[in-house]
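Commentary on secondary and tertiary structure
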2 protein chains.
Amino acid sequence: MKLIDGNQIAQTIIAELKAEVSAIDGRKPCIALVRVGDDPASISYVRKKEKTSAEIGISSRVILPPVTISQDELFALIDQLNADPEVDGILVQSPLPKHIDEVAVFRRVSPEKDVDGFNTINLGKVAQEDPTGFVACTPAGIMEMLARSGVDLKGRHVVVLGRSLIVGKPVALLALQKKAGANGTVTICHSQTANLPEITRQADVLIAAIGRAEFVTAGMVKPGAVVIDVGINRVPDATKKTGYRLTGDVAFASVAPLCSQITPVPGGVGPMTVAMLMSNTVKAWRQSRGK
Amino acid sequence: MKLIDGNQIAQTIIAELKAEVSAIDGRKPCIALVRVGDDPASISYVRKKEKTSAEIGISSRVILPPVTISQDELFALIDQLNADPEVDGILVQSPLPKHIDEVAVFRRVSPEKDVDGFNTINLGKVAQEDPTGFVACTPAGIMEMLARSGVDLKGRHVVVLGRSLIVGKPVALLALQKKAGANGTVTICHSQTANLPEITRQADVLIAAIGRAEFVTAGMVKPGAVVIDVGINRVPDATKKTGYRLTGDVAFASVAPLCSQITPVPGGVGPMTVAMLMSNTVKAWRQSRGK
């Protein structure tokens, strides 16, 4: 069994981006990070994105509207960033306050600057296999991880557990594409699936993204499978100072010995997400220059 | 075995639309049918669409640019139709001449008038499960057929053979949706799939859309399955006046006896496509009025 080290792969990507950005003569790529309100998780995510940008040489502009901002005011802010020629990528940190329509906000971000890949047009471009689009960071990170771990999906059975718009559906569409590394046969399972273990046991590559702690057990995995664990769940744990531990959607201890390769949680898919956001930002900069 | 009669279901839908349209006070829904050049198949398709519109009471405007029209001229024509408040739906008949970028043309059609459902935004809306979008007519027709034949996909295994942008991918996304009638477990197979019969034999519902005559044989189908045959293939046949006969992707004679329900070719999915185009046009009219 080989552990797929997400931290290490992400660091390699960050180093590659750093080399590319440092060679840029003139204005460097710039990402606007919009964080509405003071959700603790959002504060930590945005800080991480800011820090990684700085590490690469991407300039970042952190904008912190109050939690009371109206949808129209947020739209106006996005419109300003859309029009600003010095901004290449725009990220509006999720979750947004309940009085704001999140999908509408994601649609407001110009598709050319939608480095989060949540704009309807960029989702459509994933289906169209249009390489000018932006792929959402988690599914993009999963594909990049597989590629850099020597896993070619061609003709193999990829089973995706979970049909979310952010992970399950786009990763299924990516695994299905007619490009090198993809060309997988893809099954998407979810809460309504009958005989789930029977299906997951067919997976050459199993991608677990259902948000249920340690849901995937040894009996659900074919020996030799590659397992990608997208889940990040908090499980109460009295031995921890925080009172909880982080665990994936896979019962790692019992499943890992069966696998040819598996991602840990934390340190698997998680770190890839920020790396892909950075990669998308540099791509947006490149495309805005017609490169 | 029950035959799913596409002609009859399409006629029911057309009758429903006719009742709805005849109750409209004022301007009726209007579809613009753009046919570039004189491709014989296109002539016949557009004529059929014109005729069905008339039957329902939808007004149609047939526009026949010459095969030499430039892409910019075609864009200008589409822009005009996009801006025309009397036009609810725009259909640009495929295939277009080789000097024109078909995807670019489909993107030029305003998403609100894109009754063919080929605009990138409408593809993205299928993934987002946004009911304001337009679903491409063939996948929409398949779902409607299943619903009207009493087939609930919930928890059942739907295997889609073919990953095209026009059928395979959107029908997979539709079967997966969280709405009544859908909620299927979905597998998408294609030319690169290993052990294809092993996978198709798991299908409770098998949707064949690969464009290979009589590709699906009895050994690939589970007894009791529902089989939807999307293929329309020409097979040389000396006994026919035309020199060919039409056949689906399914070897009907040997497969049909195994099925609980199956669509014939012709007279299955084919007629549904025009009915769904009409349904989309009435929907576009409705949405343009804010209804």
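Residues numbered from 1 in each chain as written. Chains lettered and ligands numbered in written order. Predicted model: local features only at pLDDT ≥ 70, side-chain atom pairs only at ≥ 80, totals over all residues. Heavy atoms only, no water.

It is worth spelling out the pairing of strand S8 (residues 226-229) of chain B at this point. All names here are of chain B. Covered by surrounding structure in S8 are Val226 and Ile228 together with Val227 and Asp229, the residues of both alternating faces. Note: strand S7 (residues 205-208) against S8, four bridges, orientation parallel. From the neighbouring strand, isoleucine 207 faces S8, where its bridge partner is isoleucine 228. Bridge count between S8 and strand S11 (residues 261-262): two bridges; the pairing is parallel. Considered in S11, the bridge of valine 227 is made with isoleucine 262. (Buried < 20%, exposed > 50% of the residue type's maximum accessible area, 1.4 Å probe, protein only. Helix = DSSP H or I, 4+ residues; strand = E, 2+ residues; numbered from the N terminus. Pairing = 2+ DSSP bridges.)

What follows covers the relation of the copies chain A and chain B. Each copy of the sequence occupies a distinct position, and chain A is placed on chain B by a rotation of 180° and an axial shift of 0.0 Å, giving an RMSD of 0.0 Å. Overall, the copies show the geometry of a two-fold rotation axis. Both copies contact each other with a shared surface, as 100% of the interface residues of chain A are interface residues in chain B too. (Least-squares fit on C-alpha atoms with pLDDT ≥ 70 in both. Contact = heavy atoms within 4.5 Å.)

What follows deals with the pairing of strand S7 (residues 205-208) of chain A. All names here are of chain A. With burial as the criterion, each face of S7 is covered, one bearing Val205 and Ile207 and the other bearing Leu206 and Ala208. Direction of pairing for strand S5 (residues 157-161) relative to S7: parallel, over a ladder of four bridges. Bridging from a neighbouring strand, leucine 161 pairs with alanine 208 of S7.

The subject of this paragraph is the domain arrangement of chain A. Entries for chain A in the domain assignment read domain 1 (25-112) and domain 2 (137-270). For domain 1 of chain A and domain 2 of chain A, the distance between their C-alpha centres works out to 29 Å. (Domains from an automatic or database assignment.)

A separate point is the UniProt feature "domain: Tetrahydrofolate dehydrogenase/cyclohydrolase NAD(P)-binding" (unreviewed entry) in chain A. UniProt annotation of "domain: Tetrahydrofolate dehydrogenase/cyclohydrolase NAD(P)-binding" (unreviewed entry) refers to residues 136-287 of chain A when read in the numbering used here. Annotated as 32% helix and 18% strand, the span residues 136-287 of chain A places its first and last C-alpha atoms 17 Å apart. (UniProt positions renumbered as here; feature names shortened; annotations may be inferred.)

Let's shift gears to the interface of chain A and chain B. Contacts between the two partners involve 35 residues from chain A and, on the opposite side, 35 residues from chain B. Counting each side, the surface lost to burial between chain A and chain B is near 2900 Å², with a carbon and sulfur contribution of 56%. Where chain A touches chain B, the interface holds four salt bridges. Across the salt bridge formed by A:Glu129 and B:Lys169, the nearest N and O atoms sit 3.0 Å from each other. For the side of chain A that touches chain B, the secondary-structure elements that each account for two or more residues are helix H4 (102-108), helix H5 (120-128), helix H7 (168-176) and strand S6 (185-189) of chain A. (Buried area = accessible area lost by both parts, 1.4 Å probe. Salt bridge = Lys/Arg side-chain N within 4 Å of Asp/Glu carboxyl O.)

For any two helices packed against each other, the geometry is given by the interaxial angle and the distance between the axes. All names here are of chain B. Between helix H6 (residues 137-148) and helix H7 (residues 168-176), the shortest axis-to-axis distance is 8 Å and the interhelical angle comes to 40°. Crossing of H6 against H7: the hand is right-handed. Where H6 abuts H7, its residues Pro139, Ala140, Ile142 and Met143 lie against Pro170, Val171, Leu174 and Ala175. When the residues that make up the contact of H6 with H7 are grouped by side-chain class, the tally is eight nonpolar, no polar and no charged. (Axes fitted to C-alpha atoms, helices over the stretch in contact; angles between N-to-C directions. Left-handed = near helix turned anticlockwise from the far one by under 90°. Nonpolar A, V, L, I, M, F, W, Y, C, P; charged D, E, K, R; others polar.)

Now for the sheet that holds strand S8 (residues 226-229) of chain A. An order of S1(A)-S11(A)-S8(A)-S7(A)-S5(A)-S6(A)-S6(B)-S5(B)-S7(B)-S8(B)-S11(B)-S1(B) is seen for the 12 strands of this open sheet, with the pairing classed as mixed. Each end of this open sheet is capped by a strand with a single partner; those strands are strand S1 (2-3) of chain A together with strand S1 (2-3) of chain B.

Here the focus is helix H2 (residues 40-56) of chain B. Three- or four-residue spacings in an α-helix give side chains the same orientation, since the helix completes a turn every 3.6 residues. All names here are of chain B. The end-to-end C-alpha distance of H2, which contains 17 residues, comes to 25 Å, matching closely the 24 Å that a straight helix rising 1.5 Å per residue would cover. Among the residues of H2, those classed as buried are Ser42, Val46, Lys49, Thr52, Ser53 and Ile56. The buried side chains of H2 occupy one side of the element, clustering within an arc of 125° when seen end-on. Residues of H2 that are exposed and point more than 90 degrees away from the buried face comprise Pro40, Arg47, Lys51 and Ala54. Buried residues along H2 sit in contact with helix H1 (6-22), strand S2 (30-34), strand S3 (59-63), strand S4 (89-92) and helix H10 (269-288). (Expected span 1.5 Å × (residues − 1). Arc of directions from axis to C-beta.)

So, on to the state of the cysteines. Under the definition given, this model contains zero disulfides over all chains. Unpaired in this structure, A:Cys30 has its nearest cysteine sulfur neighbour in A:Cys137, at a distance of 16 Å. (Disulfide = S-S within 2.5 Å.)

Residues and elements named next belong to chain A. The three strands are arranged S3-S2-S4 in an open sheet whose pairing can be described as parallel. Since the sheet does not close on itself, it has two edges, and those belong to strand S3 (59-63) and strand S4 (89-92), each with one partner. Strand-to-strand twist in this sheet, taken as the mean axis angle between neighbours without regard to direction, amounts to 20°. For strand S2 (residues 30-34) and S3, the ladder comprises five bridges, and the chain directions are parallel. Of the residues in S3, the one forming a bridge with leucine 33 is valine 62.

Residues and elements named next belong to chain B. The topology assignment puts proline 223 in the loop between S7 and S8. Since its relative accessible area comes to 61%, proline 223 is described here as exposed. For proline 223 and isoleucine 121, which are 102 residues apart along the polypeptide, the C-alpha to C-alpha distance reads 39 Å.

This part covers the environment of B:Gly231. Residues and elements named next belong to chain B. Note that glycine 231 resides in the loop between S8 and strand S9 (233-236). Residues glycine 231 and glycine 270, spaced 39 residues apart in sequence, show a C-alpha to C-alpha distance of 9.0 Å. Setting aside residues up to four positions removed in sequence, glycine 231 forms contacts with Ala208, Thr247, Gly248, Asp249 and Val265.

As enumerated under the stated definition, the model contains 24 salt bridges over all chains in all. Across the pair A:Asp88 and A:Arg27 runs a salt bridge, and its minimum N-O distance is 3.0 Å. You can see A:Asp88 sitting in the loop between helix H3 (71-83) and S4 and its partner A:Arg27 sitting in the loop between helix H1 (6-22) and S2, a full 61 residues away along the chain. When its relative accessible area of 22% is taken as the criterion, A:Arg27 is described as partly exposed. The salt bridge involving B:Arg107 is made with A:Asp130; its shortest N-O contact spans 2.8 Å. Note that B:Arg107 is positioned in helix H4 (residues 102-108) and A:Asp130 in the loop between H5 and helix H6 (137-148), a pairing that runs across two chains. In the salt-bridge network here, residues are joined through shared partners; they are A:Glu16, A:Glu144 and A:Arg148.

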